[in-house]
Number of protein chains: 2
Amino acid sequence: MSLTESSAADVAKAASLASSRLAILSNDSRNEALTALHHALSENKDVILKANARDVEIATTAVKKGDLSESVLKRLDLSRPGKYNDMLQGILSVRDLEDPVGKVTLRTLLDDGLTLEKVSCPIGVLLIIFEARPEVIANIAALSIKSGNAAILKGGKESTESFIAISNVISNAIASTRVPGSSIQLVKTRDAVSSLLDQDSLIDLVIPRGSNELVRFVKNNTRIPVLGHADGLCSAYLHADADSDIAVNVILDSKTDYPAACNSLETLLVHQDTLETVFPLVVQALIGKGVTLRCDSSSKSALEKVLPIEQLKFVQSSREADYNTEFLDLILAVKTIPSTPLPTAAVESAIAHINSHSSKHTDIILTSSKDLADLFMNSVDSAGVFWNASTRFADGMRYGFGTEVGISTNKIHSRGPVGLDGLTIYKYKIRGNGHRAGDYHEGDGGKTWKHINLPLE
Amino acid sequence: MSLTESSAADVAKAASLASSRLAILSNDSRNEALTALHHALSENKDVILKANARDVEIATTAVKKGDLSESVLKRLDLSRPGKYNDMLQGILSVRDLEDPVGKVTLRTLLDDGLTLEKVSCPIGVLLIIFEARPEVIANIAALSIKSGNAAILKGGKESTESFIAISNVISNAIASTRVPGSSIQLVKTRDAVSSLLDQDSLIDLVIPRGSNELVRFVKNNTRIPVLGHADGLCSAYLHADADSDIAVNVILDSKTDYPAACNSLETLLVHQDTLETVFPLVVQALIGKGVTLRCDSSSKSALEKVLPIEQLKFVQSSREADYNTEFLDLILAVKTIPSTPLPTAAVESAIAHINSHSSKHTDIILTSSKDLADLFMNSVDSAGVFWNASTRFADGMRYGFGTEVGISTNKIHSRGPVGLDGLTIYKYKIRGNGHRAGDYHEGDGGKTWKHINLPLE
């Protein structure tokens, strides 16, 4: 079946109606649905892993032919140790989080008998488009239900089999609960995306999870707001005063813990004064894990002086494009930050490089100075700015948010790992007793505002 | 001078650089600039009002010829009583608000020596496009500086003279402060919009203030997120049990206090049981203020029975389009909600009408029942949902936010009156001591997360 414009509208309308019912469902009812979802995905693990194995088999062939990247294959594979369990655990973590709906975050006495409240509520209808990563379906379903949003999910062709298996399990599980069946709709046809992107009067937010190309395609083809999970071009700046153990540990983990992830390190900025001290130690650890370095001339010359000859094959000359590349692989671009009389000037030079090259995802500094770390963290315009800690911590689970919808490199609404909060908005409620705005004015007989903050509970 | 693509990029680059410097400027420095701005606009009131009078003169001629609507003229006129003073007072109100930058809203101990903080920060670079309403320039400049954002402003042709006069005063005022000169750039050329909308790598948010056509044009022509201030199609639902004095006061104020405003009432839904009780009282008060009613057949018949003959010229038959129209004038669409055995069913019918017709701006209910009011406020999907209070309260000043950027009918980031909070986002800071993400795993030797909430300070 092809999803025509009218059926896209039907899907969106069904989601919109479901969202009105979801919006007034209690937290207990939403939690019951998550328990049912967890149970069903746990019971059907074998079926789902078998379906996933078929996707992995096809993808493995494609990788061998050079038609698909190794990183997509890694993201696709649900049998990777711990992955399925993490997915299941994620659903329970989300269920056990505080109810994000109905939180009063502002309460103001405007005047006697006239109060204003700012109250959190679901966004409405979400459209989530993703490529590989089949576990995203379960994550998103859990987050959407918990936050009272209806979701329309569209998977990529690499994960077709996994997607169908998981979607059947989810639909059956929800059918047994008070959550409306159309709260989670899984769209299987390939041509659905464009017509869904036209439904801006019914769909409130699009979340593309996948390549930068997908994100740009979506942004270019819709009036619906887009929560973009684009590239992860993360950088580390190794300052002159960095502790060598900390530098080695953090950079090695950032680059090699899971190179296919968006929060992995892609560019290393090295202060000139570390070129013959800490930097070679970092590089030897990286080479030990098979990392190839694409170096500017200063850092390359320094390495050529100190590295044993058999390691030099891991050291290549960089081109400018390397500093704009998300390798998602065991490759690291290296650039030297020249020494400056004032240490802040070197940090500012690193900041300038990062602000003009990074994807505003996560960038870190290695330094012993709290002041320089603060300067870096306040000035780097990225969702995550870390001091002496791995880029790999940029993750919703690690932050304690339960599972995540994705990592946003947007500058509005939700930034960094998007958890439940990112799927809510708020409304303003006023309760009065016949109050008229026209009564509040300067001059004779005009009323004045009280604007007194009231306790939130 | 025409603003070509390259000069649009220059403007955006200058704004982006200014935003990096603004981001680390203290609240005191930003406040000093606001004091200077207030002083300069106060000193130059005569010059600005003279320029505005020229715009008003041209617009008045255009209204007479039928080329411009009365409502645009009203929005344009800065000499309207209290308007200039409100503009000046708005700047001081914004200055005296709490610093929105650097607020820590989450602090989590991830593990020993590893802490996560969520800290508010400016969005970066804003592009604000507006039509009439010259006071918006001062509002936006104040809000942008206070929140540490750089802003590019583009005004409409109706306010050209006012815009030039105010922009000169603002530029001179800022030049004397520590706020970078390019923090507020005023673009005067007409062809600038399209090329600025292309600068999605440098501009973080577009805020169109004006007609629905402008908002749609902007949304259709940019990848930059848009904070849309679209139509204000506000509705009131008059339930059977509403107090008649409250109903008359609130509906009259909602419709007639300032009909050209987006928070004015456009549709009245009347419960069938009020047609011969409260409704005629409301209508007589409205007709007393010159309001024409476009009624469905039930409400029209009811009025024909009770109104004196000379008032019947204010009662017309409605067409379906009237329920989707923002009149911005002394016209009100009226629709009857049939009686139902259960009162909740009538409220749900009103909710369904509103959710499918309103612009998600502000909708109100008149009822004596707290339960029905709660049902209405939880189910109506609008930025403002009020009980027994005028739609006209939907306003940043009235909410106590200082002045406002606009009223957002978006479902993400910022909804309703957008004040300072809507111009900030947040970043995540992690401070560690060489922590590696790879150390946290299940099984032998794996570390576990603490995820302990720490006090915010």
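Since the structure is predicted, the reported quantities are computational estimates derived from the model, not experimental observations. (Residues numbered from 1 in each chain as written. Chains lettered and ligands numbered in written order. Predicted model: local features only at pLDDT ≥ 70, side-chain atom pairs only at ≥ 80, totals over all residues. Heavy atoms only, no water.)

Chemist: Would you mind going over the domain arrangement of chain A with me for this structure?
Modeler: Interfaces are often described in size by the accessible area the parts lose on coming together. All names here are of chain A. Once the domains are mapped, chain A shows domain 1 (5–227 + 405–424) and domain 2 (234–399). The distance between the C-alpha centroids of domain 1 and domain 2 comes to 34 Å. In this assembly, 14 residues from domain 1 lie in contact with 15 residues from domain 2. Buried area between domain 1 and domain 2, summed over both chains or domains, comes out near 1,200 Å², and the portion from carbon and sulfur atoms is 61%. When residues of domain 1 are sorted by the area they lose upon contact with domain 2, Ile407, Arg415 and Pro417 head the list and together hold 36% of the total. Put simply, domain 1 and domain 2 have two salt bridges between them. In this assembly, domain 1 and domain 2 are joined by three residue pairs in polar contact (both at pLDDT 80 or more). For the side of domain 1 that touches domain 2, the elements supplying multiple residues, two or more each, are helix H4 (70–76), helix H5 (83–95), strand E14 (406–408) and strand E15 (416–418). A breakdown of the residues in the side of domain 1 that touches domain 2 according to their chemical character gives two nonpolar, five polar and seven charged. (Domains from an automatic or database assignment. Contact = heavy atoms within 4.5 Å. Buried area = accessible area lost by both parts, 1.4 Å probe. Salt bridge = Lys/Arg side-chain N within 4 Å of Asp/Glu carboxyl O. Polar contact = N/O pair within 3.5 Å; in protein donor to acceptor, adjacent residues only side chain to side chain. Helix = DSSP H or I, 4+ residues; strand = E, 2+ residues; numbered from the N terminus. Nonpolar A, V, L, I, M, F, W, Y, C, P; charged D, E, K, R; others polar.)

Chemist: What's the story with helix H10 (residues 244–256) of chain A in this structure? I'm lost.
Modeler: An α-helical turn contains 3.6 residues, so a residue and the one three or four places further along point in the same direction. Residue and element names in this part refer to chain A. Helix length check: H10, at 13 residues, gives a terminal C-alpha distance of 18 Å against a target of 18 Å (1.5 Å per residue), a fit within 8%. For H10, the tally of buried residues reaches ten of 13 residues, placing the bulk of the element in the interior. Taken together, the buried positions of H10 are occupied by Ile246, Ala247, Val248, Val250, Ile251, Leu252, Asp253, Ser254, Lys255 and Thr256. Backbone nitrogen of Asp245 and a side-chain oxygen of the N-cap are separated by 3.0 Å at the start of H10; the cap is Asp243. (Expected span 1.5 Å × (residues − 1). Buried < 20%, exposed > 50% of the residue type's maximum accessible area, 1.4 Å probe, protein only.)

Chemist: What exactly am I supposed to notice about unusual backbone geometry here?
Modeler: Keep in mind that most residues, glycine aside, have a negative phi and that most peptide bonds are trans. Residue and element names in this part refer to chain A. Positive phi values are uncommon outside glycine, yet Lys360 reaches one of about 65°. Checked against the element boundaries, Lys360 lands in the loop between helix H13 (343–357) and strand E12 (362–366). Notably, His413 is not glycine yet its phi reads approximately 65°, a positive angle. Its location among the elements puts His413 in the loop between E14 and E15.

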